[in-house]
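Structural overview for review
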Amino acid sequence: MANENEFVRKDVYEADQRALMSEIKLGNAEILKRFDQFAIELNGKIEKINTDLNNKIDKVNADLSSRIDKLEAQTNSRFDKLEARIEIIDANVQYLNKRLDDTQLYMNWILGLIGILVAVAVVAVPGFFRKIFKPSITLEQVEELINTKIEQAFMNHRLTVS
């Protein structure tokens, strides 16, 4: 160690300072070089991680897209089948509606004919039955017949009495 009373010559001091500055510059250059290498390595690792993440994301996206497309295709297929079944059911319902309309029409015609027959029966049958059960002789004819028989009986009785 140097004593306080010791003096260093200016040219030696400046030479020591220059040497120290050179060492500091050299150390700084080495630190900057290592820092640059570290930054390059770190950037490389970051790029590799970024690339790996992008690849994994792309793979997940492709997998999800594939699954979504598959689900969409299945859903569309099921909807198509459902629509086909609904169309069949709709056709059956329309057929049944037509059949019910036809049946209703036939029933209306049958009820109308029955109504006409009942009306005809109500109007015509009593006259028909009166004609069928009408006595073959009238009351006047019966009276005339009785009178004739009485007269014949009187005449026969007179003949036998006289």
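Report on the accompanying structure. (Residues numbered from 1 in each chain as written. Predicted model: local features only at pLDDT ≥ 70, side-chain atom pairs only at ≥ 80, totals over all residues. Heavy atoms only, no water.)

1. Regarding the overall build of the protein chain
- Broken down by element type, the protein chain carries two helices and zero strands.
- The C-alpha radius of gyration of the protein chain comes to 67 Å, more than 25% above the 15 Å expected for a compact globule of 162 residues.
- Dimensions of the protein chain along its principal axes, counting C-alpha atoms only, are 220 × 35 × 20 Å.
- Element-wise, carbon and sulfur atoms account for 63% of the exposed surface of the protein chain, whose accessible area totals about 15800 Å².
- Both charge centroids of the protein chain, one from 22 positive and one from 25 negative side chains, sit 10 Å from each other. (Helix = DSSP H or I, 4+ residues; strand = E, 2+ residues; numbered from the N terminus. Rg over C-alpha atoms; globule rule 2.2 N^0.38 Å. Areas by Shrake-Rupley, 256 points an atom, 1.4 Å probe, with all protein chains shown as cover. Lys, Arg positive; Asp, Glu negative; His and termini not counted. Charge placed at Lys NZ, Arg CZ, Asp CG, Glu CD.)

2. Some remarks on a nonpolar patch on the surface
- A contiguous nonpolar surface patch, about 1100 Å² in accessible area, is contributed by Leu-105, Tyr-106, Met-107, Trp-109, Ile-110, Leu-111, Ile-114, Val-118, Val-122 and Val-123.
- Structurally, Trp-109 is set in helix H1 (residues 10–132). (Patch = residues over 30% accessible without salt bridge, like charges linked within 9 Å, V, L, I, M, F, W, Y side chains within 5 Å. Salt bridge = Lys/Arg side-chain N within 4 Å of Asp/Glu carboxyl O.)

3. Digging into the pattern of salt bridges
- Scanning the model with the defined rule gives six salt bridges in all.
- The salt bridge involving Asp-52 is made with Lys-48; its shortest N-O contact spans 3.7 Å. Taken together, the positions of Asp-52 and Lys-48, both in helix H1 and four residues apart, correspond to about one turn of that helix.
- According to the relative accessible area criterion, Asp-52 is partly exposed, its value standing at 33%.
- The closest approach of N and O atoms between Asp-63 and Arg-67, which form a salt bridge, is 3.6 Å. Residue Asp-63 and its partner Arg-67 are both found in helix H1; the two are separated by four residues, about one turn of the helix.
- The class for Asp-63 is partly exposed, based on a relative accessible area of 38%.
- Looking at Arg-67, the relative accessible area reads 52%, which means it is exposed. (Buried < 20%, exposed > 50% of the residue type's maximum accessible area, 1.4 Å probe, protein only.)

4. Notes on H1
- A rise of 1.5 Å per residue sets the reference length of H1, with its 123 residues, at 183 Å; its end C-alpha atoms lie 171 Å apart and thus fit the reference within 8%.
- For H1, the principal kink sits at Ala-124 and spans about 40°; a proline, Pro-126, occurs within the next four residues. (Expected span 1.5 Å × (residues − 1). Bend = angle between axes of the 7 residues up to and from the residue.)

5. Quick notes on a negative patch on the surface
- Side chains of Asp-80, Glu-83, Glu-87 and Asp-90 sit close together on the surface and give a patch of like negative charge.
- Of note, Glu-83 is situated in helix H1.
- The exposure class of Glu-83 is partly exposed, given its relative accessible area of 48%.

6. Quick word on the environment of Asp-11
- Secondary-structure assignment places Asp-11 in helix H1.
- You can call Asp-11 partly exposed: its relative accessible area is 42%.
- At a separation of 3.1 Å, a polar atom in the side chain of Asp-11 contacts the side chain of Arg-9. (Polar contact = N/O pair within 3.5 Å; in protein donor to acceptor, adjacent residues only side chain to side chain.)

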